[in-house]
Amino acid sequence: MSMSRINTAVAHNARVWNHWLGGKDNYAIDREVGDHITGLYPSIGEVARADRAFLGRAVRHLAGEAGIRQFLDIGTGLPTADNTHEVAQRVAPDSHVVYVDNDPIVLTHARALLTSVPGGATDYIDADANDPDAILHAAARTLDLGRPVAIMLLGILNFIVDTTQAQRTVDRLLAALPSGSHLVLTHPTLELGGEGNAEAMRFWNENATPPITARTGAEIARFAAGLDLLPPGLVSCTRWRPDPAPDGSPAEPPQIAQYALVARKP
């Protein structure tokens with residue numbers, strides 16, 4: 001894999017997201033575009049952090065109560081704190097995690113940083129979310145696809161602009177996996193107070209890659225059609241089983257314009 005694939009003249013989602021999370025693995029163009037979007041939609045950094053926190057809560061549940069030991073994390077982005085394998089292996093050290101992305105800078109960092117604890121396993125696949133068959137074929141090197149797998153699609157289906165193609169990707173992945181597998185999904189929306197994000201998305205599509213689209217809650221729910229939604233269902237990612245408040249009382253965090261769901265294949 002040649003690092004010449006990296007285009008430092010055009011902002012890229014994985015690097016801009018890294019900037020919003022406070023990381024250093026980004027270029028000037030990523031910071032410029034990311035800061036302009038923050039000016040248009042000031043809560044975008046909060047969305048990035050809330051999405052990451054949701055990942056931790058969902059994976060803890062799956063590796064804990066649900067007993068899942070295999071995770072397929074598609075569109076993983078640049079490594080940061082509490083990556084999927086770190087959260088899962090903290091609960092269950094024998095967890096196997098496969099990361100999928102198609103950005104060469106992500107590939108370089110993933111190979112260096114996404115390393116397993118003894119007893120578990122991690123792997124990285126250079127593949128596109130539009131090619132689920134290639135993902136499944138390569139994932140089978142590390143995962144037993146005859147046993148339940150949690151498919152992690154956090155903030156990735158919004159980069160498959162054609163909804164039919166996005167649905168086809170989800171359906172193909174789930175069809176290859178047995179009962180007891182799970183779908184974990186987050187997706188931006190112009191609902192839940194996200195109306196101000198429309199201008200930011202237009203700016204993104206004119207100045208960065210890959211292009212992005214928002215979807216309604218009804219459209220996002222259809223990705224999980226035929227699955228059993230875990231409570232509390234489709235909600236803002238901040239409100240999916242939030243951690244208790246510091247005083248131990250139930251938390252009711254503010255909504256952000258990022259839907260989340262966790263669903264089980266019956």
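Details of the structure are given in the entry above.
Residues numbered from 1 in each chain as written. Predicted model: local features only at pLDDT ≥ 70, side-chain atom pairs only at ≥ 80, totals over all residues. Heavy atoms only, no water.

Caption draft 1: How the structure looks around the overall build of the protein chain. Each helix and strand counted, the protein chain has nine helices and 10 strands in total. Scaling as 2.2 N^0.38, a compact globule of 266 residues should have a C-alpha radius of gyration of about 18 Å, and the protein chain matches this with 17 Å. Counting only residues that meet the buried cut, the protein chain has 52% of its 266 residues in that class. For the protein chain, the distance from the average site of its 22 positive side-chain charges to the average site of its 30 negative ones is 4 Å. (Helix = DSSP H or I, 4+ residues; strand = E, 2+ residues; numbered from the N terminus. Rg over C-alpha atoms; globule rule 2.2 N^0.38 Å. Buried < 20%, exposed > 50% of the residue type's maximum accessible area, 1.4 Å probe, protein only. Lys, Arg positive; Asp, Glu negative; His and termini not counted. Charge placed at Lys NZ, Arg CZ, Asp CG, Glu CD.)

Caption draft 2: Highlighting the side chain of Gln-89. Within the secondary structure layout, Gln-89 lies in helix H4 (residues 84–91). A distance of 3.0 Å separates the side chain of Gln-89 from the backbone oxygen of Ser-95, its partner in a polar contact. Within polar-contact distance, the side chain of Gln-89 engages the backbone nitrogen of Val-117 at 3.1 Å. If near-sequence neighbours (up to four positions away) are discounted, Gln-89 is found in contact with Ser-95, Ser-116, Val-117, Gly-120, Ala-121 and Thr-122. (Polar contact = N/O pair within 3.5 Å; in protein donor to acceptor, adjacent residues only side chain to side chain. Contact = heavy atoms within 4.5 Å.)

Caption draft 3: A look at helix H2 (residues 28–40). With 13 residues, H2 extends 19 Å from end C-alpha to end C-alpha; this agrees with the ideal 18 Å at 1.5 Å per step. Residues of H2 that are buried: Ile-29, Asp-30, Val-33, Gly-34 and Ile-37. Considered in projection along H2, the buried side chains sweep an arc of 125 degrees and stay on one side of the axis. In H2, those exposed residues whose orientation departs by more than 90 degrees from the buried face are Ala-28, Glu-32 and Gly-39. Residues of H2 that are buried sit in contact with strand E1 (11–12), helix H1 (13–20), helix H3 (44–63), helix H8 (197–207) and strand E7 (208–209). (Expected span 1.5 Å × (residues − 1). Arc of directions from axis to C-beta.)

Caption draft 4: Main features of the pairing of strand E10 (residues 258–264). Burial of E10 is extensive: six of the seven residues sit out of reach of the surface. Sheet analysis places strand E6 (residues 182–188) next to E10, joined by seven bridges and oriented antiparallel. Counterpart to Pro-188 in the pairing with E10 is Gln-258. Two strands pair when backbone bridges link them, and strand E8 (residues 228–229) and E10 are joined in this way by two bridges, in the antiparallel orientation. (Pairing = 2+ DSSP bridges.)

Caption draft 5: Molecular detail of the side chain of His-12. Here His-12 is to be found in strand E1. On the basis of relative accessible area, His-12 is assigned to the buried category, the value being 18%. In terms of polar contacts, His-12 uses its side chain to reach the side chain of Asp-103, at 3.2 Å.

Caption draft 6: Local environment of the packing of aromatic side chains. Applying the stated criterion to the full structure yields two aromatic pairs. Residues Trp-17 and Trp-20 carry aromatic rings whose centres are separated by 6.1 Å and whose planes lie at 70 degrees to one another, so their mutual orientation is edge-to-face. Here Trp-20 and Trp-17 lie together in helix H1, a separation of three residues that amounts to about one turn. Overall, Trp-17 belongs to the partly exposed group, its relative accessible area being 23%. (Phe/Tyr/Trp six-rings, centres within 6.5 Å; stacked < 30°, edge-to-face > 60°.)

Caption draft 7: Looking closely at the packing of H2 against H8. Packing of H2 against H8 leaves a shortest axis separation of 9 Å and a crossing angle of 160 degrees. Classed by the angle they form, the pair H2 and H8 counts as roughly antiparallel. Two packed elements cross with a definite hand, and for H2 against H8 that hand is right-handed. Where H2 approaches H8, its residues Val-33, His-36, Ile-37 and Leu-40 are matched on the opposing element by Glu-199, Ala-200, Phe-203, Trp-204 and Asn-207. Taken together, the residues that form the contact of H2 with H8 break down as six nonpolar, two polar and one charged. (Axes fitted to C-alpha atoms, helices over the stretch in contact; angles between N-to-C directions. Parallel < 35°, antiparallel > 145°, perpendicular 65-115°, else oblique. Left-handed = near helix turned anticlockwise from the far one by under 90°. Nonpolar A, V, L, I, M, F, W, Y, C, P; charged D, E, K, R; others polar.)

Caption draft 8: Expanded view of the pairing of strand E3 (residues 96–101). For E3, a buried count of five out of six residues is recorded, marking the element as mostly surrounded by other parts of the structure. Note: strand E2 (residues 70–74) against E3, five bridges, orientation parallel. Paired with Ile-74 across the strands is Val-100, a residue of E3. In the classification by handedness, the crossover that spans E2, the intervening H4 and the parallel E3 is right-handed. Relative to strand E4 (residues 121–126), E3 runs parallel, the two sharing six bridges. Following the sheet pairing, Val-97 is matched in E4 by Thr-122. (Right-handed = clockwise from strand over helix to strand, strands pointing away.)

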